[in-house]
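Here is what each chain is made of, one letter per residue.
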Amino acid sequence: MKILMFTWEFPPLISGGLGMACYGMVKALLALGIKIDLVLPTREMVYFPLREEEDVDKMPAVFMDPVHHSEFLTKSFQDITERLEYIGITPTPETYFQLSDMRHFISKVKSEYLINEHVSQEEHDIWDDMTTHLIGEEDLIKKVQEYTQRAERFARELDYNLIHVHDWLTYPSGMLARKISGKPLISHIHATEFDRAGGPGDERIHKIEHAGMTYSDRVIAVSQYTAQMIMSRYRIDTGKIRIVHNAFSIEENQVHTKKRIFKGPTVLFLGRITLQKGPDYYLDVAERVLKVHPEARFIMAGTGDMARKLLRRSAQLKLKNRFLFTGFLNRKQVESILRAADIYVLPSVSEPFGISPLEAMAFGITSIISKQSGVAEVVNHAFKIDYWDVDLMADTINHLIENPQICKKMGIDGMKEVNRIHWNEAAEKIRMIYSQVLSEFLKSNP
Amino acid sequence: MLNVVFYFQVHQPYRLRHLNVLDIGTGTNLFDDRLNAEVMRKVSNKCYLPTNQLLLDLIKENEGRFRIAYSITGTAIEQFKLYSPETLDSFKALAETGCVEFLGETYYHSLAALYDTNEFLDQVMMHRQLIIDEFGQQPRTFRNTELIYQDRISDLVYEIEGFTTIITEGVDRILQWRSPLFAYKNYSKDINLLLKYYKLSDDIAFRFSNRDWPEYPLTVDKFVNWIDHLTLGEKGDRNLFLNLFMDYETFGEHQWAESGIFDFMRHFPSEVLKRPHLGFVTPAETQALANYQQESLSFPDAVSWADEQRDLSAWVENDMQKNAIETFYELLERVKTKGDPQLLKTARMLSTSDHFYYMCTKYFQDGDVHKYFSPYDSPDQAYIYYVNALADLEERI
C-alpha cells in the first residue's frame, strides 16, 4: 500500500505539535510496511519517498526535475540538516508566488479537470468554496497557493493508492490530487481554525476546512473532542469520521532524572503563549497559589503574541520573582525545564489533542490538563479541570504542594501510564481505515 | 561675583548578562563581565583619559583659579581597578592638585534613599570610606543618585558627620520665581543647598552638537556672554553660583570629540577668568561664600535631574520597575540576615539604579535616551533578566 501524504510540518521543519504527530505516525506506519511519498512546503520541487522506518530521520529526497538538479545527486553534504537546507526546508519557507498566478492556476484546474458531465453541482460548489477562499495577500495564504499549485505534478506523476492530508494548509492539495487521480482522500484533523484562534478565527480558513473535509472519503479526528467539533461546527457527515488519538513515543532507555532549579515547588506552563493555550488563566492560578504558597515558582516557557501582555500583568500583580518567563527554548532546554518541574499545567481553551502534557508526564511531572482537550481522553493519572476554573486549579496545586507524596505518586503513575501509549496502536487504526477505504474504492471502481 | 560650580558625574553600572531561567541556581556569574570591560575601556579612551588630562592641564595653567568637582560611584571605581587602572590614577592626579572636590553619594548609585534608610546610610558610609582611601579627602558635599532629593533625604544626610552641602536639580516647580544662582538652605535650615542651572548645563550636556538647535554651534564667546548677562540684575556684591552639573561622559562620549567639545572646554576657563567678576569654586566652598541670608527651600516630593518631568518616573513608574525594586529590597533584608559578605556584595550590585532605568517604557517607541543607554533590546527584556537575577539571588540565600 502506498500513500501520497501532504503535510506542512515534519521534523526538522516544525513549529508545533503537528510535526511531532506526523513524525510519530509516519514512523509507525512505515513499520507496518506502508510506503509513503511525503510532500512538504520545501523551496525546491522535491518529495520524500519513505520506505523504511529509519527514513523518517534520513529523509531521502527526490527532485521532480532530476536533470536540473544533478548537483544534488553528486554533492556531498555534511549532515542531514545541511542536505535539507539545500532543498529549502527552513523554519520560514519563502514564497515568490503572485496572486495572478493563482487565478490562472484555478481557471486551468477548472478547465482541465472539472468539465466532464460527471461533475455534480455539489462538487462544483465545494471547489468554488475552496478556490474563492484561497485568496489573500498574507504570506501564509500565498505559501498555501504555491504548495497547491505544485501538488498537481505530484498528483499526476507519482504512483499511489491513497491520499492523506494533515490540516487545512494541505486540504486544497488533497482535493486536487483526488480530482486528478480519482484515488480516495483521507483528511486528518489535528486542529481546526476554532482551536487555533481561540475564537471564531478566519472565515476563509473555515471554508477551506469545510471543503476539504466534505471532499474527503474519511476524516480522522485526533480526539473525541475534535470529532465533536467537526460534527457541530462543520456539519461533517458523522459516518465518515473516525477517531485516532495521537500518541507519544519516548526514546528508548531514556531516564529523566530530576534536576531542580528551585528549592521550592516548581509549576510549569510549556507551549505557545497565545489565546488558545490559556496562558492568562495560568497567570491567574499563579496569583492565587502564591498568596498561599509564596515559596512556589511559576515558569512560563515559550513565546507568543501574549507574552508581553502577560509579563506586564505579572508585574502589575506584584508576583515578585516568583513568576518567570523563559522566552524561546530549544529542544535541550525544554528537557532541562521539564526536569526542574513538579507540576505541569495545560490550561488550553481548546486543544484538539495536546502532546505536551504526555511529554511532561513522561518526565514524572504531575499534570493538570484542561477538560477542553483531546489528551484528557487518553490519560487517567492527571487532574482534568475546566480551563476557566482557576480556583479549582489553584486549590489542586495548593493540595499537591501541601502533600508532596501525593504529588510524587501521581507523577510516577502518570509516567507509567504514558509509557504504555504507543504510536503503533494509532498506526494500526490508521491502517484499518486505509484498508477499508481502499476496499470500498475497489468495489465501486472494479 | 558669579562663581561657576562644575560638578561631573562619573558612573558605570554592572550590566547584567542575558540571564535565562535555566541559569538560575547554577552559580553562574550574573553580570556581563565582557560587556562591562568593553564599555569601561571604550569610555576611558574616549572620555575619562583625554578629559582628565585636559582638565589637569587647565588646573595647572590657571594656578588654582579653575576648580571642579566629581562624584564617582563605587561601581565605577571598582571597574576602573578591574579594567582601566590608568583612569583611576588620572583621577588621583587630579585629586592631588587640591583644586578638585570629590562628592559623597551611595556606593552603588542606588535608590536606597527611597526604599531602605539603613541601606542608604550603609552605602553612603561605604562610599565615603572609598573616597577617603582613594583620593585622601572626606566628602563634604552630598549628591544623591541622579540628583534625587526631597526634605527627608536632607535629614538623613545631616545625621552623617561631615556633610555640609547637598546638590540637586533646580526644578521650576520648587523654585518658581526664585533664581537657581543663589545658595539656599534645606527645609530645616541646617544644610547648604545648591541647585543645578539646568538650562546652561543642558546646553553643554545635551544640545552642544545638535544642529537643529538655533544656537548651534555653541562657542565659548557666546556661552560666556550668556553667563555675563546672568549677573546684570545683581546690583550688590552678593556671591552667586552658576551650578553646571552634568554627566562626565558628556565629554567625548555623548558629545563626540569631533563636535568640538574638548576645544570648548579648553578655552572656557581662561575666557571666564578674564573677567574679574567671574570665577570658579567647588560645591563645598560655596557655603562660606554665601554672604547673604540663605532662603530655605522645601522639597515635599522627590525630584531628580531626569527627563522632562524631573521626578522619579524614569526608574519607578511602570509596574515592571515597581515589582522589580520592591522585590529587590525585600530580598536584600533576607540577604543581610544571612550574613554572607559575598552574597551581600552581589545583591548590592543589583541595587544600582540603571537596572530600573533600562525598564523604563516612557518614550521607548521614540528611541530616546533611555534606549541609547540600555544594553538590552527592550524594557521587557531588561525586566526578565533582572527578575531572573533576583530569583537566582534568592536561591543562593
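Quantities reported herein were computed from a predicted structural model and do not represent experimental measurements. (Residues numbered from 1 in each chain as written. Chains lettered and ligands numbered in written order. Predicted model: local features only at pLDDT ≥ 70, side-chain atom pairs only at ≥ 80, totals over all residues. Heavy atoms only, no water.)

J.: Would you take a moment to explain the overall build of chain B for this structure?
T.: Looking only at helices and strands, chain B features 16 helices and 9 strands. Dimensions along the principal axes, computed over C-alpha positions, put chain B at roughly 65 × 45 × 40 Å. The buried share of chain B, taken over its 397 residues, is 62%. The contacts in chain B between residues at least 6 apart in sequence include a share of 77% that link residues at least 24 apart. (Helix = DSSP H or I, 4+ residues; strand = E, 2+ residues; numbered from the N terminus. Buried < 20%, exposed > 50% of the residue type's maximum accessible area, 1.4 Å probe, protein only. Contact = heavy atoms within 4.5 Å.)

J.: Hey, could you run me through the overall build of chain A in this one?
T.: Secondary structure assignment for chain A yields 18 helices and 14 strands. What you see for chain A is a C-alpha radius of gyration of 23 Å, in line with the 22 Å of a compact globule of 446 residues. With the C-alpha coordinates aligned to their principal axes, the bounding extent of chain A is approximately 70 × 50 × 40 Å. Taken over 446 residues, chain A has a buried fraction of 57%. Across chain A, every contact between residues at least 6 apart in sequence was considered, and the portion connecting residues at least 24 apart equals 68%. (Rg over C-alpha atoms; globule rule 2.2 N^0.38 Å.)

J.: Is there a simple way to think about the interface of chain A and chain B in this case?
T.: Frequently, the measure chosen for interface size is the accessible area removed from exposure when the parts meet. Facing the 23 residues of chain A at the interface are 26 residues of chain B. Both sides of the chain A and chain B interface together cover about 2,100 Å² of buried area, and 55% of this is carbon and sulfur. Ranking the residues of chain A by area buried against chain B places Leu-311, Lys-320 and Asn-321 of chain A at the top, with a combined share of 27%. Connecting chain A to chain B are 6 salt bridges. Between Asp-380 of chain B and Arg-308 of chain A there is a salt bridge; the shortest N-O distance is 3.2 Å. At the junction of chain A and chain B, the tally comes to 9 residue pairs in polar contact (both at pLDDT 80 or more). Of all elements in the fold, only strand 10 (297-301), helix 13 (307-316), strand 11 (323-327) and helix 14 (331-340) of chain A reach the threshold of two or more residues within the side of chain A that touches chain B. At 6 residues, the largest contribution of residues to the side of chain A that touches chain B is made by helix 13 of chain A. Tallied by class, the residues present in the side of chain A that touches chain B amount to 10 nonpolar, 6 polar and 7 charged. (Buried area = accessible area lost by both parts, 1.4 Å probe. Salt bridge = Lys/Arg side-chain N within 4 Å of Asp/Glu carboxyl O. Polar contact = N/O pair within 3.5 Å; in protein donor to acceptor, adjacent residues only side chain to side chain. Nonpolar A, V, L, I, M, F, W, Y, C, P; charged D, E, K, R; others polar.)

J.: Help me understand the nonpolar core in this model?
T.: Nonpolar side chains in soluble globular proteins generally cluster together in the buried interior. Membership of the largest hydrophobic core comes to 296 residues, with the highest contact counts inside it found for Phe-6, Tyr-70 and Phe-268 of chain B. In this structure, Tyr-70 of chain B is in contact with Tyr-7, Phe-8, Val-10, Asn-52, Leu-55, Phe-91, Leu-94, Val-100, Glu-101, Phe-102, Leu-103 and Tyr-248 of chain B, ignoring residues within four places of it in sequence. (Core = buried A, V, L, I, M, F, W, Y, C linked by side-chain atoms within 4.5 Å.)

J.: Even after reading the chapter, I still don't get the pairing of strand 1 (residues 2-10) of chain B, so can you show me in this structure?
T.: Here is the key point about a regular strand: its side chains alternate between the two faces of the sheet. Taken across its 9 residues, strand 1 of chain B has 9 buried, putting it largely inside the fold. Note on the crossover from strand 1 of chain B through helix 1 (residues 33-61) of chain B to strand 2 (residues 68-72) of chain B: the handedness is right-handed. (Right-handed = clockwise from strand over helix to strand, strands pointing away.)

J.: Sorry if this is basic, but what is going on with the packing of helix 6 (residues 121-133) of chain A against helix 10 (residues 203-215) of chain A here?
T.: For any two helices packed against each other, the geometry is given by the interaxial angle and the distance between the axes. Residues and elements named next belong to chain A. The N-to-C vectors of helix 6 and helix 10 enclose an angle of 145°; their axes lie 8 Å apart at closest approach. In this structure, helix 6 meets helix 10 at a crossing whose hand is left-handed. Across the interface between the two elements, Glu-123, Ile-126, Trp-127, Asp-129, Met-130 and His-133 from helix 6 touch Arg-204, Lys-207, Ile-208, His-210, Ala-211, Thr-214 and Tyr-215 from helix 10. Residues belonging to the contact of helix 6 with helix 10 are distributed by class as follows: 6 nonpolar, 3 polar and 4 charged. (Axes fitted to C-alpha atoms, helices over the stretch in contact; angles between N-to-C directions. Left-handed = near helix turned anticlockwise from the far one by under 90°.)

J.: Teacher, can you tell me more about the sheet that holds strand 9 (residues 266-270) of chain A here?
T.: Pairing between the strands of a sheet comes from backbone hydrogen bonds, and it takes one of two forms, parallel or antiparallel. Reading across from one edge, 11-10-9-12-13-14 (chain A) is the order of the 6 strands in this open sheet, with parallel pairing throughout. A strand with exactly one partner marks an edge of an open sheet, and here the two such strands are strand 11 and strand 14 (383-385) of chain A. Looking at each pair of strands side by side, their axes are set apart by 20° on average, direction ignored. Strands strand 10 and strand 11 of chain A of the sheet are contacted by helix 16 (residues 379-396) of chain B, whose axis makes an angle of about 120° with strand 11 of chain A. (Pairing = 2+ DSSP bridges.)

J.: Teacher, can you tell me more about the packing of aromatic side chains here?
T.: Aromatic ring pairs are described here by two measures, namely the spacing of the ring centres and the angle between the planes. Residues and elements named next belong to chain B. Evaluation of the coordinates by the stated rule reveals 50 aromatic pairs over all chains. Consider the rings of Tyr-70 and Phe-102, whose centres lie 5.9 Å apart with planes at 25°: the pair is stacked. In this pair, Tyr-70 sits in strand 2 while Phe-102 sits in strand 3 (residues 100-102), placing the two residues 32 residues apart along the sequence. According to the relative accessible area criterion, Phe-102 is buried, its value standing at 0%. Its end group placed over the ring of Trp-177, Arg-178 keeps NZ or CZ at 4.3 Å from the ring centre. Just above the ring of Trp-213 sits the side chain of Arg-207; from NZ or CZ to the centre is 5.9 Å. (Phe/Tyr/Trp six-rings, centres within 6.5 Å; stacked < 30°, edge-to-face > 60°. Lys NZ or Arg CZ within 6 Å of the ring centre and 35° of its normal.)

J.: Looking at this structure, I do not really get the packing of helix 6 of chain A against helix 8 (residues 171-181) of chain A. What am I missing?
T.: All names here are of chain A. Where helix 6 meets helix 8, the closest approach of the two axes is 11 Å, and the angle between their N-to-C directions is 145°. Seen along the crossing, helix 6 lies across helix 8 with a hand that is left-handed. For the pair helix 6 and helix 8, contact is made by Glu-123, Ile-126, Trp-127 and Met-130 and by Pro-172, Met-175, Leu-176 and Lys-179, respectively. Residues belonging to the contact of helix 6 with helix 8 are distributed by class as follows: 6 nonpolar, no polar and 2 charged.

J.: Looking at this structure, I do not really get helix 1 of chain B. What am I missing?
T.: Each α-helix winds once per 3.6 residues, and so residues spaced three or four apart point in a common direction. For helix 1 of chain B, which comprises 29 residues, the first-to-last C-alpha distance of 39 Å matches the rise-based estimate of 42 Å (1.5 Å per residue) to within 8%. When the local axis directions of helix 1 of chain B are compared, the greatest deviation, roughly 55°, occurs at Ser-44 of chain B. (Expected span 1.5 Å × (residues − 1). Bend = angle between axes of the 7 residues up to and from the residue.)

J.: Would you take a moment to explain the environment of Gly-354 of chain A for this structure?
T.: If you trace the backbone, Gly-354 of chain A turns up in the loop between strand 12 (343-346) and helix 15 (356-362). A C-alpha to C-alpha distance of 9.9 Å links Gly-354 of chain A and Ala-191 of chain A, two positions 163 residues apart in sequence.

J.: Just to check I follow, could you spell out the side chain of Asp-203 of chain B for this structure?
T.: Relative to the assigned elements, Asp-203 of chain B resides in helix 8 (residues 198-205). Those residues in contact with Asp-203 of chain B that sit more than four places away from it in its chain are Phe-208, Trp-213, Leu-218, Phe-223 and Trp-226 of chain B.

J.: Explain the sheet that holds strand 5 (residues 165-169) of chain B to me, please; I cannot follow it from the model alone.
T.: Residues and elements named next belong to chain B. On the basis of which strands lie adjacent, the open sheet formed by 4 strands has the order 4-5-7-6 and mixed pairing. Edge strands, defined here as strands with exactly one partner in the open sheet, are strand 4 (141-143) and strand 6 (184-185). Here 5 bridges tie strand 5 to strand 7 (residues 192-196), and the two strands are oriented parallel to one another. Residue Glu-169 lies in a different strand from strand 7, and its bridge partner there is Lys-196.

J.: What am I meant to see in the side chain of Asp-55 of chain A here?
T.: All names here are of chain A. Among the structural elements, Asp-55 can be located in helix 2 (residues 55-58). Buried charge without a partner: Asp-55 forms no salt bridge, and the closest opposite charge is Lys-58, 4.6 Å away. A distance of 2.8 Å separates a polar atom in the side chain of Asp-55 from the backbone nitrogen of Arg-51. Apart from residues lying up to four places away in sequence, Asp-55 is in contact with Pro-49, Leu-50 and Pro-60. (Lys, Arg positive; Asp, Glu negative; His and termini not counted.)

J.: Just checking my understanding: could you explain unusual backbone geometry for this structure?
T.: For the peptide bond that leads from Tyr-216 of chain B to Pro-217 of chain B, omega is -5°, which places it in the cis range. Mapped onto the elements, Pro-217 of chain B comes out in the loop between helix 8 and helix 9 (220-230). The backbone phi angle of Lys-318 of chain A is positive, close to 55°, even though this residue is not glycine. With respect to the secondary-structure elements, Lys-318 of chain A resides in the loop between helix 13 and strand 11. We classify Lys-318 of chain A as partly exposed; its relative accessible area is 35%. Despite not being glycine, His-109 of chain B has its phi angle at roughly 55°, a positive value.

J.: Which parts of the structure should I look at to understand a negative patch on the surface?
T.: On the surface, Glu-52, Glu-53, Glu-54 and Asp-57 of chain A cluster together into a negatively charged patch. With respect to the helices and strands, the residue Asp-57 of chain A is situated in helix 2. (Patch = residues over 30% accessible without salt bridge, like charges linked within 9 Å, V, L, I, M, F, W, Y side chains within 5 Å. Areas by Shrake-Rupley, 256 points an atom, 1.4 Å probe, with all protein chains shown as cover. Charge placed at Lys NZ, Arg CZ, Asp CG, Glu CD.)

J.: Help me understand the confidence of the model for chain B, please; the structure alone is not making it clear to me.
T.: The predicted coordinates of low-pLDDT regions are not to be read in fine detail. Of the residues in chain B, 97% have a pLDDT of 70 or more, and the chain-wide mean is 94. Taken over the whole predicted complex, pTM reads 0.90, whereas the ipTM for its chain interfaces reads 0.92. (pLDDT = per-residue confidence, 0-100.)

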